[in-house]
Amino acid sequence: PAPQQQASVAGRSEEAQAGRFVLQIGAYANAGSAKSMSERARKVGVRSYTETVQTRDGARTRVRVGPFTDRESAERARGKLALVGIDSSVLALSQ
C-alpha cells in the first residue's frame, strides 16, 4: 500500500506550524475520474497532481493542487477553480 500523507483542515495553530498548503479537489475510487478532474484543474492554470492512498474502503486517488507556501496563495488558486465550478478545500500539510 502507498504511504498515507498526513493532512488536516487548516486551523490557525496548524498554519503557523505547517507552512505548506494544498487544495484537495477530491478523492476518487475511479482513477479515470481522478485523472479527468486533474486535467480540468490544469486547464485553469494551476499545478495539479494525484496520489493514491489506501482507505478502509479501498484505494482512492486524491486530486490536489499546489503546494503553496502560504494560505493566501492557496485561496487565490481556490478562487480560480471555483470560477469553473471546481470545489476544493485548503489543507495544511504537516511537516
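Fair warning: this is a prediction, and the values are worked out from it, not measured in the lab.

**Q** Would you explain the environment of Ser-36 in this entry?
**A** Topologically, Ser-36 is positioned in helix 2 (residues 31–43). Along the chain, Ser-36 and Val-63 lie 27 residues apart, while their C-alpha atoms are 9.7 Å from each other.

**Q** Help me understand the pairing of strand 4 (residues 58–68), please; the structure alone is not making it clear to me.
**A** Walk down a regular strand and you will see the side chains alternate between the two sheet faces. The pairing of strand 2 (residues 21–28) with strand 4 spans 6 bridges and is antiparallel. Note on strand 4: the bridge partner recorded for Tyr-28 is Thr-61. When strand 3 (residues 48–55) meets strand 4, the two strands line up antiparallel, connected through 8 bridges. The partner of Ser-48 across the bridge, within strand 4, is Val-65.

**Q** What should I look at first to understand helix 3 (residues 71–83) in this one?
**A** Each α-helix turn comprises 3.6 residues. Residues three or four places apart therefore point the same way. For helix 3, which comprises 13 residues, the first-to-last C-alpha distance of 19 Å matches the rise-based estimate of 18 Å (1.5 Å per residue) to within 8%. Residues of helix 3 that are buried: Ser-73, Ala-74, Ala-77 and Leu-81. Each buried residue of helix 3 lies within a common arc of 100 degrees when the element is viewed along its axis, so the set occupies one face. Pointing more than 90 degrees away from the buried face of helix 3 are the exposed residues Glu-72, Arg-76 and Leu-83. Contact partners of the buried residues in helix 3: strand 2, helix 2, strand 4 and strand 5 (89–93). Where helix 3 begins, one side-chain oxygen reaches toward the backbone nitrogen of Glu-72, 3.2 Å away; that side chain belongs to Asp-70. Of the residues one or two after helix 3, Gly-85 is the one with positive phi, at around 85 degrees.

Basis of the calculations
Residues numbered from 1 in each chain as written. Predicted model: local features only at pLDDT ≥ 70, side-chain atom pairs only at ≥ 80, totals over all residues. Heavy atoms only, no water. Helix = DSSP H or I, 4+ residues; strand = E, 2+ residues; numbered from the N terminus. Pairing = 2+ DSSP bridges. Expected span 1.5 Å × (residues − 1). Buried < 20%, exposed > 50% of the residue type's maximum accessible area, 1.4 Å probe, protein only. Arc of directions from axis to C-beta. Contact = heavy atoms within 4.5 Å. Polar contact = N/O pair within 3.5 Å; in protein donor to acceptor, adjacent residues only side chain to side chain.

It is worth stressing that arrangement in space is one thing and function is another; only the former is reported here.
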